[in-house]
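Below are the chains, spelled out letter by letter.
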Amino acid sequence: MEYRDYLRLVPKIELHCHIVSTIRAERLIGWANERGVELPSDDPDTLFDYDNIVDFLKVFNAAHEVFRTRDDFATLAYEGVADAVADGNLCYREYFINPDNFAHLGFSYVDVIDGLIEGLRRAEEEWGVGFGIIPAINRGFDLDTALALVESIAANPRPEVVGLGQDDLRADAHESPLDWQAAYDRAHELGIRVSAHVGELPNSQAADVIEAWNVLKLDRVDHGYHIVDDEALVAEARDRRIPFTCTPRSTKFLSGWPLDEKHPIADMLRAGLTVTLATDDQVFFRTTLREEFEHVGLGMGFGPDTIERIVLDSVEATWAQEPAKARMRRDFRRQLLSLRTALVSSSEA
Ligand SMILES: [Zn+2]
């Protein structure tokens, strides 16, 4: 077996996926045409060609305008799982969604969440792909909207809803995760797990990551790359076993980092940090989870030992309940052993 095939077939977990970005290009174009939403292009091959954040946001925002019924959310969710299973053996995924982004179209928190749950359940029954949903604070909105989102989670309990996260970006492109501290404090009162986007953008620092971890009492860090700018803080992140959800392709777009052995994610892996891999906004960044594994396995040059570590660390980093986690652990170890044998025996042949 070629290493590229191994990377495609390893069982995968994704913990940093904004679900609207799992929409099929053809589906987005079809719905947009049918529903009078303007897109910069009708061609799936060029729709996602942009080299700046303004053009990116045009397509990104249009994709949030095409939804008309609750069933649309189910369709989005179901097709997204089908594609990720076919492309790279997706086994479990946690999704960010900001229901507030659809309020102007007449959708409530429950419409959006229950629509997604319906599609994800259907996919789980068909392919066994587990999932969790993480309502995400839109960083372009204000603190009151974020606080109301936390209350919506509490008022509409669903076992599928597993935490609170973040989405979008503040208009001035600063991360400032502590802006949302009141919402995080309230989430903790309600026993809701939390993650935050921090240490991603060129204007962020290593200390921001540890500060957000401490002040917001995070359970996971989304991105976190700038931790590598400070050796002592890297050691601290390792000792505290902070789990990071890293999205290689999006860093090339936002920070211009080549996806090679000098990439901050490569430094994080060599330093022994807990790294999981994800796509962030996959259709908009033209990536898939399989390709993110290729960036690490081929571009950054890591072998199967590191890939296995990423896969098994990802199980521990999920917010799944323990019986489901134990099943994943066993299932993944079995798949990894079998794949490793195929890889080794083909290299000896
Ligand atoms: Zn993100």
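Residues numbered from 1 in each chain as written. Predicted model: local features only at pLDDT ≥ 70, side-chain atom pairs only at ≥ 80, totals over all residues. Heavy atoms only, no water.

## Description of the pattern of salt bridges
Between side chains of opposite charge, a pair can form as their charged atoms come close.
Part 1: Within the structure shown, the criterion is met by 26 salt bridges.
Part 2: Among the ionic pairs, E124 bridges to R121, the shortest N-O distance being 2.3 Å. Residue E124 and its partner R121 are located together in helix α5 (residues 109-127), separated by 3 residues, close to a single helical turn.
Part 3: For R270, the salt bridge is made with D267, and the minimal N-O distance between the two is 2.7 Å. One end of the pair, R270, and the other, D267, are both in helix α11 (residues 264-270), 3 residues apart, so they sit about a helical turn from each other.
Part 4: Given the relative accessible area of 31%, D267 is considered partly exposed.
Part 5: A cluster of three or more residues bridged by salt bridges with shared partners is formed by R4, D87, R290, E291 and E294. (Salt bridge = Lys/Arg side-chain N within 4 Å of Asp/Glu carboxyl O. Helix = DSSP H or I, 4+ residues; strand = E, 2+ residues; numbered from the N terminus. Buried < 20%, exposed > 50% of the residue type's maximum accessible area, 1.4 Å probe, protein only.)

## Quick notes on a negative patch on the surface
Part 1: A grouping of E26, D42, D43 and D45 is seen on the molecular surface, where their side chains present a negatively charged patch.
Part 2: Its place among the elements puts E26 in helix α2 (residues 25-35).
Part 3: Since its relative accessible area comes to 54%, E26 is described here as exposed. (Patch = residues over 30% accessible without salt bridge, like charges linked within 9 Å, V, L, I, M, F, W, Y side chains within 5 Å. Areas by Shrake-Rupley, 256 points an atom, 1.4 Å probe, with all protein chains shown as cover. Lys, Arg positive; Asp, Glu negative; His and termini not counted. Charge placed at Lys NZ, Arg CZ, Asp CG, Glu CD.)

## Notes on the UniProt feature "domain: Adenosine deaminase" (unreviewed entry) in the chain
Part 1: As annotated by UniProt and renumbered to match this structure, "domain: Adenosine deaminase" (unreviewed entry) occupies residues 11-329.
Part 2: Across residues 11-329 one finds 48% helix and 15% strand; the C-alpha atoms that close the span lie 11 Å apart. (UniProt positions renumbered as here; feature names shortened; annotations may be inferred.)

## Concerning the sheet that holds strand β2 (residues 90-97)
Part 1: Pairing in this open sheet of 8 strands is parallel, and the strands run β1-β2-β3-β4-β5-β6-β7-β8 from one edge to the other. In the strand order of this sheet, the two ends are held by β1 (12-18) and β8 (274-277), each with one partner. This sheet shows a mean twist of 25 degrees between the axes of neighbouring strands, independent of strand direction.
Part 2: Bridge analysis of strand β6 (residues 220-223) against strand β7 (residues 243-246) gives 2 bridges, and the strand direction is parallel. (Pairing = 2+ DSSP bridges. Axes fitted to C-alpha atoms, helices over the stretch in contact; angles between N-to-C directions.)

## Brief notes about unusual backbone geometry
Part 1: At R241, a residue that is not glycine, the phi angle is positive and equals roughly 50 degrees.
Part 2: Using a relative accessible area of 54% as the deciding quantity, one classes R241 as exposed.
Part 3: Non-glycine residue R286 carries a positive phi angle of around 50 degrees.
Part 4: Summarising the element assignment, R286 is placed in the loop between α12 (282-285) and α13 (289-299).

## Re the nonpolar core
Part 1: Ranked by size, the top nonpolar core spans 110 residues in total, and within it F67, I227 and F244 carry the most contacts.
Part 2: In terms of residue count, α5 provides more of this core than any other element does, 7 residues in total.
Part 3: Excluding anything up to four places from it in sequence, F244 contacts V209, V221, H223, G224, I227, A237, M268, L273, T274, V275 and T276.
Part 4: By size, the runner-up hydrophobic cluster in this structure holds 5 residues, among which are F96, I134, A136 and V162. (Core = buried A, V, L, I, M, F, W, Y, C linked by side-chain atoms within 4.5 Å. Contact = heavy atoms within 4.5 Å.)

## Notes on the pairing of β7
In the case of a regular strand, side chains alternate between the two sheet surfaces.
Part 1: By the alternation rule, side chains of β7 split into P243 and T245 and F244 and C246, which are all buried.
Part 2: Where the polypeptide runs from β6 across helix α9 (residues 231-239) and back to β7, its parallel neighbour, the crossover connection is right-handed.
Part 3: Pairing between β7 and β8: 4 bridges, direction parallel. Directly across from C246, in β8, lies its bridge partner L277. (Right-handed = clockwise from strand over helix to strand, strands pointing away.)

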